[in-house]
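# Structural overview for review
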Amino acid sequence: MLNDKKVLFSGMQATGNLTIGNYFGALSNWIKIADEYETFYGVMDLHSLTVRQEPAQFRKRARSLMALYIAAGLDPVKNCIYFQSHVSGHAELAWILNCFTYIGELNRMTQFKDKSAKHADNVNAGLFTYPVLMAADILLYQADVVPVGKDQMQHLEITRDIAIRFNNIYGDVFTVPEAYLGKSGAKIMSLADPTKKMSKSDENLNASIYLLDKRDDVIRKFKRAVTDSDNEIRYDESKPGISNLMDIYSCATGKSHDEISAEFAGKGYGEFKIAVGESVADILDKLQVEYDKILADKSYLDGIIKENAQKASYFSEKTLRKVKKKVGLTERIK
Ligand code: ATP
Ligand code: LTN
């Protein structure tokens, strides 16, 4: 509890350009629940280092991600939006928690297996201990809830296990966090292969709609989206392409699947795809206007970055001090 509110922590890695999967699956849910909690949303730049980054481009991307959080509707005064690397407590607590995490546990992480297969030339120790840094992110703020997609559930489980293990030895130090799966539970699939998740690291640029895509590209990509050939707009497991487009249209307009089927009864896929494209492009147009404004105002963004780093540091220090004392590290003399 902080200021009588439960604490919420979440974040995204500053790798790749965000897609509408990240938006409908994560960001837009964050905004819906932000008021109910004391919130911390990190730009997880330390996590991004597990994969090789080009420094200048990486720096730009991290700033861009922060601007996107705000452009999407997170008020940076009410929500502590900050860079993970600006709060040294993340790395410090991660080290301590490394000493409370077993290699066997980390070996079971499916993301590690997937990513080490994908980056076989750079299977570094950071990739292996990625979940421990994520546990540190969450436990540092004593978070009660963590909104994450299904793919991150395993990391949340290990975070809970580490917290419980630590508490069993040292008493009630950490709040044991719960996952918060969005109500809509939207999982947006690739436009090129609707059996695969839409992902910002997909090599096929037509598979994903990026938040910074221009209107014409958005419409063009939706027109080309892979669908079946029966031309009926119906939500059905055997029609993953159309079902995915219905999910996207539902996220963009708030309409139910039944309402969408009724709206497009007797109409073809061509007309439906354009409607989906328009509805998404409308949202992205607005978001991009805000995004450009935020990035253009350097001192505004710098001010937020500075203040929120201080705010996050203040809260994280409280936990870190307690943890250091509990494990028996010698207190610094000031
Ligand atoms: P990468 O391709 O780099 O692994 P990603 O696009 O899968 O990235 P993440 O950075 O792993 O995205 O995830 C950020 C957040 O967005 C997570 O909460 C994740 O669950 C959510 N998310 C990512 N892709 C989708 C999707 N297609 N549908 C719904 N939610 C998604
Ligand atoms: N691994 C997460 C990003 C992330 C995160 C966190 C999410 C890093 N630390 C702490 C929630 C809480 C991902 O979505 N890829």
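Structure shown above.
Reading the values: the criteria
- Once a new chain begins, its residue numbering starts again from 1 and follows that chain's sequence as written.
- For naming, the first written chain is A and the first written ligand is 1, with later ones following in the order written.
- In keeping with the predicted nature of the model, local features appear solely for residues at pLDDT of at least 70, side-chain atom pairs appear and are counted solely at 80 or more, and the whole-chain, interface and lining totals rest on all residues.
- As a rule here, side-chain values cover all heavy atoms of the structure and leave hydrogens and water aside.
- Under the DSSP-based scheme used, a helix requires at least four consecutive residues in state H or I and a strand at least two consecutive residues in state E, with every element numbered from the N terminus.
- Here the globule rule is a power law, 2.2 Å times the number of residues to the power 0.38, and the radius of gyration is based on C-alpha atoms.
- Note on contacts: a residue pair is in contact if any heavy atoms of the two residues lie within 4.5 Å.
- Residue exposure ignores everything except the shown protein chains as possible cover, and the areas themselves are Shrake-Rupley values with a 1.4 Å probe.
- Just so you know, the count uses Lys and Arg for positive and Asp and Glu for negative, and it drops His and the chain ends.
- Positions of charges follow a simple convention, taking NZ of Lys, CZ of Arg, CG of Asp or CD of Glu.
- Near, as used in this document, describes a residue that has one of its heavy atoms within 4 Å of the molecule or strand being considered.
- Polar contacts, as counted here, are pairs of nitrogen or oxygen atoms within 3.5 Å of one another; within protein the pair requires one atom able to donate a hydrogen and one able to accept it, and residues that are adjacent in sequence qualify only if both atoms are side-chain atoms.
- Under the grouping applied here, Gly and all other residues not named as nonpolar or charged are polar, the nonpolar ones being Ala, Val, Leu, Ile, Met, Phe, Trp, Tyr, Cys and Pro and the charged ones Asp, Glu, Lys and Arg.
- The classification of residues rests on relative accessible area computed with a 1.4 Å probe and restricted to protein chains. Under 20% of the type maximum is buried, over 50% is exposed, and intermediate values are partly exposed.
- Along the arc lie the directions from the helix axis toward the C-beta atoms.
- Any two of the Phe, Tyr and Trp rings considered here, Trp counted by its six-membered ring, make a pair once their centres fall within 6.5 Å; the pair's planes then place it as stacked at under 30 degrees, edge-to-face at over 60, or tilted in between.
- One bridge is not enough; two strands pair if DSSP finds at least two bridges between them.
- Whether a crossover is right-handed comes down to one check: with the strands pointing away from the viewer, does the path from the first strand over the helix to the second run clockwise; if it does, it is right-handed.
- By definition here, a helix of n residues has an expected span of 1.5 Å times n minus one.

Next up on the list: the overall build of the chain. On a plain count of helices and strands, the chain comes out with 13 helices and five strands. Taking 2.2 N^0.38 as the reference for a compact globule, 334 residues should give roughly 20 Å; the C-alpha atoms of the chain span a radius of gyration of 21 Å, in line with that estimate. Reported as C-alpha extents along the three principal axes, the dimensions of the chain are approximately 75 × 45 × 40 Å. When contacts within the chain are restricted to residue pairs at least 6 apart in sequence, long-range pairs at least 24 apart make up 75% of them. Surface summary for the chain: the accessible area is close to 16500 Å², and the carbon and sulfur share equals 52%. Averaging the coordinates of the 45 positive side-chain charges in the chain and doing the same for the 44 negative ones gives two points 5 Å apart.

Let us now look at the site of ligand 2. In the vicinity of ligand 2, 13 residues are found, and the nearest of them are H47, Y130, M134, D137 and Q152. Y130 has a polar side-chain atom sitting 2.6 Å from a nitrogen atom of ligand 2. Contact distances for ligand 2 include 3.0 Å between a nitrogen atom and a side-chain N or O atom of Q152. Surface burial for ligand 2 is 89%, taken as the share of its 370 Å² of free accessible area covered by protein chains. Tallied by class, the residues present in the shell around ligand 2 amount to seven nonpolar, five polar and one charged.

Right, let's talk about the site of ligand 1 for a bit. Residues in close proximity to ligand 1 total 15 residues, the closest being I188, K197, S199, K200 and S201. Here a nitrogen atom of ligand 1 and a backbone polar atom of G21 are 3.2 Å apart. Between ligand 1 and N22, the relevant distance is 3.1 Å, taken from an oxygen atom to a side-chain nitrogen or oxygen of the residue. For ligand 1, whose accessible area on its own is 600 Å², the fraction buried by protein is 89%. Broken down by element, the shell around ligand 1 gets its largest block of residues, four residues, from helix α1 (residues 20-33). Looking at the shell around ligand 1, its residues break down into five nonpolar, six polar and four charged.

What follows concerns helix α4 (residues 89-98). Taken residue by residue, α4 has G89, H90, L93, A94, I96 and L97 as its buried positions. Here the buried residues of α4 occupy an arc of 165° about the axis, which is enough to place them on one side. If you follow the buried residues of α4, they end up packed against β1 (7-13), α2 (45-48), β3 (80-83), α7 (125-140), α8 (153-170) and α13 (298-327).

Attention now moves to the packing of aromatic side chains. In the structure shown here, the tally under the stated rule is 16 aromatic pairs. Judged by centre distance (5.9 Å) and plane angle (75°), the rings of F100 and Y170 are edge-to-face. With F100 in the loop between α4 and α5 (103-107) and Y170 in helix α8, this pair connects stretches of sequence that are 70 residues apart. In this structure F100 comes out as buried when scored by relative accessible area, which is 14%. Ring centres of Y249 and F264 lie 5.7 Å apart, and the angle between their planes is 70°; on these two criteria the pair is classed as edge-to-face. You can see Y249 sitting in helix α10 (residues 240-253) and its partner F264 sitting in the loop between α11 (257-263) and α12 (269-296), a full 15 residues away along the chain. Accessibility expressed as a relative area gives 5% for Y249, which makes it buried. Judged by relative accessible area, which is 5%, F264 ranks as buried. Members of the aromatic cluster, each reached through a chain of ring pairs, are F9, F40, Y82, Y141, Y314 and F315.

Within β1, six of the seven residues are buried, which leaves the element mostly enclosed by the surrounding structure. Pairing of β1 with strand β2 (residues 38-44), which is carried by seven bridges, proceeds in the parallel orientation. Across the sheet, Q13 pairs through a bridge with M44, a residue of β2. The parallel pair β1 and β2, bridged by α1, forms a crossover whose chirality is right-handed.

Right, let's get into helix α3 (residues 55-71). Under the 1.5 Å per step criterion, the end-to-end length of α3 is 24 Å for 17 residues, consistent within 8% with the ideal 24 Å. All of the buried residues in α3 are F58, A62, S64, L65, M66, A67, L68, Y69, I70 and A71. Just downstream of α3 lies G73, where phi reads positive at about 125°.

Let us look at unusual backbone geometry. For Q142, which is not a glycine, the phi torsion comes out positive at approximately 55°. Among the residues examined, Q142 registers a relative accessible area of 17% and is labelled buried. Phi angles above zero are rare outside glycine, and N231 is one such case at about 65°. In this fold, N231 is placed in the loop between α9 (215-223) and α10. Residue class for N231 comes out partly exposed when judged on its relative accessible area of 43%.

These results come straight from atomic positions and should not be treated as a statement about function.
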